[in-house]
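A look at the structure
Listed here are the chains, written in short residue letters.
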Amino acid sequence: VAPGGDVVVPAPLLHVPDAEFLEVARPEWVAGEGHGDRSNGMQVLLNYCFGHSRSTWSFCPTTSAVLINHHRDPARINVKLRWGDGAPGDGTSYLTEKKGFLAGANTTRLSLDYVATRDIEEGEEIFVDYGPEWQAAWDDHVAKWKNIEPHGDYVPASVMNSTVHQITADPNDRPHHSLLCRRRPFSSDVLPASPVIEEYAGPEETTEPLRQLYDDNMYRWWWPCSVVAATDEHEYTVDIHKKVVSARTAGRVLLTIRRFPRHLIRFVDRRYASDIHLGSGFRHPMVLPDRLFPLHWRDDYRRARTVAGAWEKPSAGADAARTEVTDRKFEAALREVTCGLYVAPSTIRGAGHGVYTAVDLPRVGMPLGPELPILVAFNTEVHQPWNNYEWGPDDYLAEYEGDAEMEAGILAVGVGMMSNYHPGLVNAVSGMPVFHAGLDARRDPGAGASTDYRGVFRNEEVLAAGDEIFLDYGEGWFESRDIDESAIPLAAHYRAADVLLASMLALADDDDTTPHINDNTTAALLSVLAGDHVSDPRISAALSHLRSMDDARAAAAAGGTAASTTTRRSAAWLEEHGACLDHLYVKESTVPQAGRGGFARRPRRAGEVVISARMLHTRGGRDVLRRRTDRGAGASSPADRQLLTNYLYSHPDSSVFFLPTNAAAAINHRSAGGEGEGPNVEMRWSLVDNKTQHFLHAPPEELLMVRCFRAPLVYSRIEDASDVSIR
């Protein structure tokens, strides 16, 4: 009697990492042997192993547990499965390890216990539940089974051995069977250089230890053979064949033995002809229940990091034709739309304005706005607002423009000065800058009056209309600002938050085979993680905007925690809240000695806004723009002023300068009182920007205290023309 709860039998398991290892294919050189098509494809061993529908792994018991059958009546089931202690002396918890770790073990490392679910009487058959999947497979097999095997006159080999006394030399007389001849164990299996013929010399003496070891072992004692001729009913001439065969050695003869006794010859089924090779034979592993099979061993299991890494922001659905668009074709397309690039309130809270693409960018490397001037700015004795928008000179071929006493920075007007930084969503980068001296200092009086550097930013990933453009300032940028870094997640923190989010979604959004927790419980866990219970506050900050499981699912659909902090703006929203940046493009000016100038990309009527330029102010007075800060004020001269001066607006009676931060910096001058045509745009302060109106009526000292304020200056058409110039 086995009381309930007792282990009926333990079952150390051989692990088979892939079902392919249990496949069997009949070699071509044995095709035609046997009777009918007996190619099942899978070994019958599969039926004696445990598996799982979501895994290619099999686990085969190595004890008498393999004899325990399934019963469809739950009342007859009297044992259940549980994981055993594993290999003796091995303290490794393989169930918690990756399955690849287990694959490297060459011996049994796992064990199942068959545990009595009730008292079992002596002589009672043991039954275990193979699972509903196995039962359904068996029912389907029985329902579809037909005796399609052409058995013909097949007789089992065991019957042949007891009933057939005379063996003929014609193999066609036994189409389903081969012959084995008994020899001494460990006889040579090496093919001789020339035929060998022997007379049967009688039985060889066999030591008792050898007999005890091998008894009548069919592999050790019995060799493939064929009858050449019958001497009489009791003796034959036989050919002994190689035991280990291949396509090259099949049918080769080791030796010929005359007067070989009949009782040392037996029938066996031909290769691949026994019932274990029946093509209609049932094949299905016993199924381990979900409660026992480790989730991370399933083939459909993906680590949270992998799941989160596969999240993608919804794209514009770019097709192959759109991804092949050239810059020239893209420029032509831009002329047909209302606007291709906007400045509008950023999706980053507290970041002011940012830049948005208003058209799809279906491939990487497309230009974000026109190629614009790149200005070299030398540090002044007073910290300037433009210092917040500088790039390092090394990336713009300008590292030799300054030195330790005259440090240089780069102002990349347009996208380079107006775009924000989101550590988790960088999607644009500066293209290769261009250095080209368009004017010759030996002949042109305008040489040195305009920058020889220019460049354009390009997208690093496919973007859709309405996406905000984010540049990479470098994570050290926050350290140099008066910003609470603990509240700002960096790229690594967003990735870690995505892993946590993916794990929580896995708890709530499984398939029907795995238990999961409800949304309220998962939302409570989300609230805990977004609070003070994660060791890194920046990871908590990355999750802080997610308040419910609907928020969590929306974040995954958006592409992750970083992507969910932004919003793809509609064309109507951009038109209502933004200002167009790309009504201008830049090329060589029609004005002599002016270098490059701004040109209208689209027709603009008189009175319409050509561009709204957010302006950066300077501090320190009119003399602050000297190139050399190591010289005294008395040594200053007009030639010592920075080139940046030529791109600033000011008034003779004011100490404040203003720098346009976009393509307005490329608009050239044309005198209203000179010969020929006059200017075709006029400038005015924005009437709709509240900050602009505030500072226009405030003392200048209040403006100078602001570090990053950019007041919009509007350039409006005063007549229709192709190029753009101002007074």
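Each remark here, short or long, concerns the structure printed above.
Once that is clear, we can look at the sheet that holds strand 9 (residues 235-241). Across the sheet, six strands lie side by side as 7-10-9-8-6-11; this open sheet has mixed pairing. Each edge of the open sheet is held by one strand with a lone partner, namely strand 7 (197-199) and strand 11 (265-269). Taking the axes of each pair of neighbouring strands and ignoring which way they run, one obtains an average angle of 40° across the sheet. Pairing of strand 9 with strand 10 (residues 253-261), which is carried by six bridges, proceeds in the antiparallel orientation. Counterpart to V238 in the pairing with strand 10 is I257.

For the structure on display, the rule yields four cavities of 30 Å³ or more. Of all the elements, strand 15 (residues 367-378) adds the most residues to the lining of the largest cavity, at six residues. The residue makeup of the lining of the largest cavity, split by class, is 14 nonpolar, six polar and no charged.

It is worth spelling out a negative patch on the surface at this point. The grouping of E460, E461, D472, E475 and E479 at the surface amounts to a negative patch. Its location among the elements puts E460 in the loop between strand 19 (453-459) and strand 20 (468-469). For E460, a relative accessible area of 41% gives the class partly exposed.

The next thing to look at is the side chain of R183. Its place among the elements puts R183 in the loop between strand 6 (177-182) and strand 7. This buried residue, R183, is left without a salt bridge; E198 holds the nearest opposite charge, at 6.1 Å. Discounting residues that sit within four places of it in the chain, R183 has contacts with S188, W221, W223, I240, L254 and L255.

The strand order 20-14-13-21 describes an open sheet built from four strands, whose pairing is antiparallel. Of all strands in the sheet, those bounded by a partner on one side alone are strand 20 and strand 21 (579-580). Note: strand 13 (residues 341-345) against strand 14 (residues 353-357), five bridges, orientation antiparallel. Across the sheet, residue A344 finds its bridge partner in strand 14, namely G354.

Take the pattern of salt bridges next. Taken as a whole, this structure holds 23 salt bridges when the rule is applied. The salt bridge partner of R458 is D327, with a shortest N-O separation of 3.1 Å. With R458 in strand 19 and D327 in helix 8 (residues 327-334), this pair connects stretches of sequence that are 131 residues apart. Judged by relative accessible area, D327 falls into the partly exposed class, the value being 31%.

All right, on to the nonpolar core then. In this structure, L411, L644, L659 and Y715 are the most contacted members of the largest nonpolar core, which totals 34 residues. Elements with a contribution of two residues or more to this core: strand 15, strand 22 (584-588), strand 24 (609-617) and strand 25 (658-660). Per-element accounting of this core gives the leading share, five residues, to strand 24. Once residues lying within four places of it in the same chain are set aside, the contact partners of L659 are L375, L411, M417, R614, M615, L616, L644, Y647 and L648. I374, A398, L463 and L471 belong to the second-largest nonpolar core, a separate cluster that totals 30 residues.

Of note in the backbone geometry, L397 takes a positive phi value of approximately 60° without being a glycine. Position of L397 among the secondary structure elements: in the loop between strand 15 and strand 16 (408-412). Given the relative accessible area of 45%, L397 is considered partly exposed. We note that Q593 has phi near 70°; this positive angle belongs to a residue other than glycine. Relative to the helices and strands, Q593 resides in the loop between strand 22 and strand 23 (596-600).

Calculation notes
Residues numbered from 1 in each chain as written. Predicted model: local features only at pLDDT ≥ 70, side-chain atom pairs only at ≥ 80, totals over all residues. Heavy atoms only, no water. Pairing = 2+ DSSP bridges. Helix = DSSP H or I, 4+ residues; strand = E, 2+ residues; numbered from the N terminus. Axes fitted to C-alpha atoms, helices over the stretch in contact; angles between N-to-C directions. 1 Å grid on protein atoms, 1.4 Å probe; cavity = no way out; pocket = protein on both sides within 12 Å on 5 of 7 lines; lining within 4 Å. Points joined across faces, edges and corners; volume = space filled by probe spheres on them. Nonpolar A, V, L, I, M, F, W, Y, C, P; charged D, E, K, R; others polar. Patch = residues over 30% accessible without salt bridge, like charges linked within 9 Å, V, L, I, M, F, W, Y side chains within 5 Å. Areas by Shrake-Rupley, 256 points an atom, 1.4 Å probe, with all protein chains shown as cover. Salt bridge = Lys/Arg side-chain N within 4 Å of Asp/Glu carboxyl O. Lys, Arg positive; Asp, Glu negative; His and termini not counted. Charge placed at Lys NZ, Arg CZ, Asp CG, Glu CD. Buried < 20%, exposed > 50% of the residue type's maximum accessible area, 1.4 Å probe, protein only. Contact = heavy atoms within 4.5 Å. Core = buried A, V, L, I, M, F, W, Y, C linked by side-chain atoms within 4.5 Å.

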